[in-house]
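Each chain is listed here by its residues.
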Amino acid sequence: MLRFLIQRAVGMVVTMFFVSIMVFVIMELPPGDYADRYAFRKFSGTGVSVTESDIESIRKRFGLDRPAWERYLTWIGGIVTRFDFGPSFAFETSANAVIGQRAGLTVVLLLGTLLLTYLLSIPIGIYAALHRQSPADYGLTVVSYLGLAIPNFMLALILLYLGVRYFGTTVGGLFSPEYTQAPWSWGKFADLLRHLLVPAVVLAWSATALQLQTVRATMSDELAKLYVDAARARGLPEWKVILKYPARLAINPVVSTIGFDVNRIFSELPIVALVMSLPELGELLIKSFLDLDMYVAGAILLMLTAIIVFMNFVSDVVLALLDPRIRLEGG
Amino acid sequence: MTANGGALLEITDLGVSFTTDEGMVRAVDGVSLAVHPGRTLGIVGESGSGKSVATKAVIRLLPANARIDGGSRILLRRAEGEIDIARLPAGGRELRRLRGGDIGMIFQEPMASFSPVYTIGNQMIEAILAHRDHLDRRLGRRFDRRAARDHAIRMLERVGMSNARLRIDQYPHELSGGMRQRAMIALALSTHPSLLIADEPTTALDVTIQAQILDLMLELQRELGMAMLFITHDMGVIARIAEEVAVMYLGRIVERGPTREVIRDPAHPYTRGLLAALPRVETSRRRLTPVPGDIPSPLQRPAGCPFHTRCPRRMPGLCDREVPADTALDARRSVACHLFGGRAS
Amino acid sequence: MSTEPPGRPGHGEEALRYYTASQWQLVWWRLRRHRAAMAGAFVLLLFALMGLFADFVAPYGGTTRDRDYIYGPPQIPRFRDGNGFSFRPFVHALKTERDPVTLRKIARIDTGKRRYIYFFVKGEPYRLFGLVPARTRLFGVREGKIHLFGTDDLGRDLFSRLMYATGVSLSIGVLGVLLAGGLALVIGGIAGYFGGWIDYGIQRFTEIVRVVPVIPLYMGLAAAFPREWSNIQVYFAMTVILGLVGWPTLARRLRGHLLAQRNEDYVLAARLSGASSAWIIRKHMLPSFTSYIIVDVVISFPYVILSETALSFIGLGLRPPTMSWGILLQDAQNVRAIEQAPWLFLPALFVIVAVLAFTVLGDGLRDAADPYSVRKR
């Protein structure tokens, strides 16, 4: 087991190394470099004329004249040693300051979404598998088709609309006005959770639809296996047969795709956040891409990917704990 | 049916149908048989003959689309009295007490009948604890978790597993096929059932291990005094283990009697075909003669005698029109074939 | 469901037909019995025709403005009104009034005047497929204008815009999927056939691409488009990106199929008779899972379409005046727009219907493609 853990941990670091190179390439892709954009933003409209030599000096100041690999090393070195993600020119501060607590909110939203996804999809999927070809099962199939077909941001818009129309409240944002400036308290926390519920529902929507189908299919396969009949032949009560035997194996594919779910949620997050005006990383990512604030964009991309890679690791470990066949092979 | 006063299990007129997309499938049609305490009845037939369905009906382990006919009776005689399993409410406490308690069952695939994610011990102890009351009556002692574990280890040792204390905490995939089947037998017998149903328990094993397992089962049967209902498609296995045999074809019993007599002098053409398909020392140089043709789809049951489509001795105009009735050959043997004058009674 | 593939006949003439049918005939027979899949295929065919002949189907050009009907609600064709019944459908005419308070022009429906709808009317000139000059439009009114789906904030006809957008969005989908499929076929094929360290390297690489969240990755690549690029350049760049990011998933599935096939006896047999690798892949392995490839490709359509929609929606994909579903939806980005002009949501309906159609068709094809498949629903 220890060997398994070390192996996966090393794999995680190697993956992150390659991902960081990819992110760096993306940061370098947009035309012009940081100095151009810095100069343009700083001085455009001020009447000051910027000469080529001014830009050159900015370039020197940020070390942009050095070769790409050196710049990569400086960038990644800063992140690894000082947790410094570089400057943000759009906000005229560091990327760290811009990202700040948004990262925490993102993780809270992510965990809430995952929890909601699994709490919904696993029991419902098992139920559907137990009642195959019943009206409820057909209904669920239709709902999950819709879940895959309705883009999350559309659902967000619909919910926003319903909220305004029937409840007279805005569902967007993360805090009610009275808590926006207030210090942290239980009231504020509860308020945050209330506001996170709708985004979590929106983000969990398609992930739930997908996982529901997976759980249902796996559960159907497992139910047909001999060991289920064997457990029945042992005289166990039906609920125990179902929960202890096939249900336990039906969640394996769910566990093994946690990373995939996180990837999916992060894919949808920016757009949902934009529609629902949530101040977290996704929305910031769009802004920074539109502004070409590439250090911030790179930092966010790297963070999101790091969370995915970590969740992949978690999924590997949980899977090994759940299934002795994987554990004993030594991975 | 002859009187079976002493029978442990008495099945009368059992019929099982399945509702499928293509229509009703009649898998078992009017089967009657009896198993006596401490003795073994073998049921033999090709796949699709309904032998598995018939035995699964005994512990009501049929899929949801299956229905047992209203007139069927599955009587089990226990010390506490007689019950008709066919009429027990599905999923009820009574039925659960029977399954794994009075009636144990072992399956064809030793790999697939254990869940891969729990240890052998976990699944054995679970069975023992589920039948605490039953064991209390049989052995006069009450098991707690630790005692159940000790009992499980003893059972594993009893079925010839070395290092049982270690093996009990292993997962099924860490054991070989033969060992897994031994563990399955240990599990089924750990509750001391009065009847063991064995559904082709040796088919998936290679021949040497097959022989070992059969010997073990015979030995345990003698020791525990239980009755066995043994299903196989292999006449050779039947010859070794069963005192009596019932040959099934397309959901009906076509011939029955003491094993030795049936093998020495098979009456039904189908039984003859099955025996001819058996490899023998003196015929090993010749080609085996399997029963020609395929078993018909149960959706298209032939009219008349179910076997007439493959029968080398069919009588046109009779066999394809009328269902042959059970004809007694002597006190213990009967056959359902027009060759023996079996007109519908 | 049954364990027998549907449609396997017992005996006789029909059985002969069944057992001698080619693989594609079998697939087609089985697909035809799948009602949902056939409905999906029909819808997609309709969409494709609408996109292909957008100029003909749309009554107006995509940027033509109707200044008298801004934010106008949909006009639903009707057969009867206060003045009685008519076999020819019509819409009511509009009259413009000035709001007495704000002095803004408001379009009011004049229930007294009917505008009859005719087929094949002469409208604005256009070039079919950019080549054939024409004026005939599928339908229209002879006087005034007709806006079946209403108009947007500039008074542009939403129905016409949707027709053009359908063409653009679907074509991006097709090109993106084809590119992804081609890449996957080549790279996945190489990995799957040769195995060993080539496979290992490609595997690791696809894993790394797959771990980065897809839409943010698209956004990063799309952000790199120079602002001065023309719409055509952006269009092709989009398809390239969608293809580039889409291939690892496809390649992974393809590799799975290939690895499974590689160990089949018939491959060994071909190899023993001295066939070359390329020959075995082309002659023996490809035909055996062409159906899988088609299924995989159809299944990956929704992702590409949804990605394009999402990217264009947030302004990182195609740019106006190009029309695509995502761009049309930009107008429906906030709650106020939906309250004021809910019909601006109609493009979303097209997206949903298209994705649903692809999904059910993909499912149907998957079931039909595998002759030994057992439906596990």
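Because the structure is a prediction, the values reported are computed rather than measured.

Asker: Help me understand the overall build of chain C, please; the structure alone is not making it clear to me.
Answerer: Scanning chain C from terminus to terminus reveals 13 helices and four strands. A separation of at least 24 residues holds for 66% of the contacts in chain C among residues at least 6 apart in sequence. With the model as given, the accessible surface of chain C reaches about 18,900 Å², and the carbon-plus-sulfur share is 62%.

Asker: Any chance you could explain the interface of chain B and chain A here in plain terms?
Answerer: Interfaces are often sized by the accessible area lost when the parts come together. Each partner contributes to the interface: chain B provides 27 residues, whereas chain A provides 21 residues. Taken together, the two surfaces of chain B and chain A that pack against each other cover about 2,100 Å², and 63% of this comes from carbon and sulfur. Interface area lost by chain B to chain A is led by Val117(B), Tyr118(B) and Glu126(B), which between them contribute 27%. Where chain B touches chain A, the interface holds two salt bridges. Between Lys244(A) and Glu126(B) there is a salt bridge, with its nearest N and O atoms 2.7 Å apart. The interface formed by chain B and chain A includes nine residue pairs in polar contact (both at pLDDT 80 or more).

Asker: Would you mind going over the interface of chain C and chain A with me for this structure?
Answerer: Contacts between the two partners involve 44 residues from chain C and, on the opposite side, 46 residues from chain A. Taking both partners together, chain C and chain A bury about 3,900 Å²; carbon and sulfur atoms supply 76% of that area. Where chain C meets chain A, there are zero salt bridges. Between the two partners, chain C and chain A, sit two residue pairs in polar contact (both at pLDDT 80 or more). At the level of secondary structure, the elements contributing two or more residues to the side of chain C that touches chain A comprise helix H6 (196-211), helix H7 (214-223), helix H10 (277-313), helix H12 (335-340) and helix H13 (346-369) of chain C. Of the residues belonging to the side of chain C that touches chain A, the class tally is 32 nonpolar, six polar and six charged.

Asker: Honestly, the nonpolar core in this entry has me stumped. Any pointers?
Answerer: Soluble globular proteins tend to pack their nonpolar side chains together in the buried interior. Membership of the largest hydrophobic core comes to 170 residues, with the highest contact counts inside it found for Trp75(A), Val262(A), Phe289(A), Met163(C), Met219(C) and Trp325(C). The greatest single-element share of this core, amounting to 16 residues, is contributed by helix H17 (residues 294-322) of chain A. If you count residues domain by domain, this core takes at least three from each of domain 1 (68-154) and domain 2 (162-369) of chain C. Not counting chain neighbours up to four residues away, the residues in contact with Trp75(A) comprise Ser20(A), Val23(A), Phe24(A), Met27(A), Asp84(A), Phe85(A), Tyr295(A) and Leu302(A). Listed in part, the 103 residues of the second largest apolar core include Ala230(A), Ala183(B), Ala242(B) and Phe307(B).

Asker: What exactly am I supposed to notice about the sheet that holds strand E10 (residues 244-249) of chain B here?
Answerer: Hydrogen bonds between backbone groups are what pair the strands of a sheet, and the pairing can be parallel or antiparallel. Residue and element names in this part refer to chain B. Strand order in the open sheet made by the eight strands is E7-E8-E9-E3-E10-E11-E13-E12, with mixed pairing throughout. Across the chains shown, the open sheet's two edge strands, defined by having one partner strand only, are strand E7 (103-106) and strand E12 (327-328). Pairing of strand E8 (residues 195-199) with strand E9 (residues 227-232), which is carried by five bridges, proceeds in the parallel orientation. Of the residues in E9, the one forming a bridge with Ile197 is Leu229. Its contacts with the sheet put helix H8 (residues 207-224) on strand E3 (40-44), E7, E8 and E9, and the angle it makes with E9 is roughly 160°.

Asker: Would you mind showing me how to read the domain arrangement of chain C here?
Answerer: Residue and element names in this part refer to chain C. As far as domains go, chain C holds domain 1 (68-154) and domain 2 (162-369). The interface of domain 1 with domain 2 comprises nine residues on the first partner and nine residues on the second. When domain 1 packs against domain 2, the two sides together hide about 660 Å² of surface, and 68% of this comes from carbon and sulfur. The largest contributions to the domain 1 side of the interface with domain 2 come from Tyr71, Phe149 and Asp152, which together make up 66% of the buried area. On inspection of domain 1 and its partner domain 2, the count reaches zero salt bridges. Viewed at the interface, domain 2 and domain 1 are joined by zero residue pairs in polar contact (both at pLDDT 80 or more). Each residue belonging to the side of domain 1 that touches domain 2 can be placed in one class, and the counts come to four nonpolar, three polar and two charged.

Asker: Any chance you could explain unusual backbone geometry here in plain terms?
Answerer: Keep in mind that most residues, glycine aside, have a negative phi and that most peptide bonds are trans. Residues and elements named next belong to chain B. With a phi close to 45°, Glu200 is a non-glycine residue in the positive phi region. With respect to the element layout, Glu200 can be found in the loop between E8 and H8. By relative accessible area, which is 8% here, Glu200 ends up buried. Phi angles above zero are rare outside glycine, and Leu250 is one such case at about 45°. Turning to its location among the elements, Leu250 is positioned in the loop between E10 and strand E11 (252-258).

Asker: I would appreciate a short explanation of the side chain of Asn152(A) in the present structure.
Answerer: Residues and elements named next belong to chain A. When you line up the elements, Asn152 lands in helix H8 (residues 152-167). Asn152 gets classed as buried once you look at its relative accessible area, which sits at 4%. Setting aside residues up to four positions removed in sequence, Asn152 forms contacts with Val202, Leu203, Trp205, Ser206, Glu268 and Val272.

Parameters and conventions
Residues numbered from 1 in each chain as written. Chains lettered and ligands numbered in written order. Predicted model: local features only at pLDDT ≥ 70, side-chain atom pairs only at ≥ 80, totals over all residues. Heavy atoms only, no water. Helix = DSSP H or I, 4+ residues; strand = E, 2+ residues; numbered from the N terminus. Contact = heavy atoms within 4.5 Å. Areas by Shrake-Rupley, 256 points an atom, 1.4 Å probe, with all protein chains shown as cover. Buried area = accessible area lost by both parts, 1.4 Å probe. Salt bridge = Lys/Arg side-chain N within 4 Å of Asp/Glu carboxyl O. Polar contact = N/O pair within 3.5 Å; in protein donor to acceptor, adjacent residues only side chain to side chain. Nonpolar A, V, L, I, M, F, W, Y, C, P; charged D, E, K, R; others polar. Core = buried A, V, L, I, M, F, W, Y, C linked by side-chain atoms within 4.5 Å. Buried < 20%, exposed > 50% of the residue type's maximum accessible area, 1.4 Å probe, protein only. Domains from an automatic or database assignment. Pairing = 2+ DSSP bridges. Axes fitted to C-alpha atoms, helices over the stretch in contact; angles between N-to-C directions.

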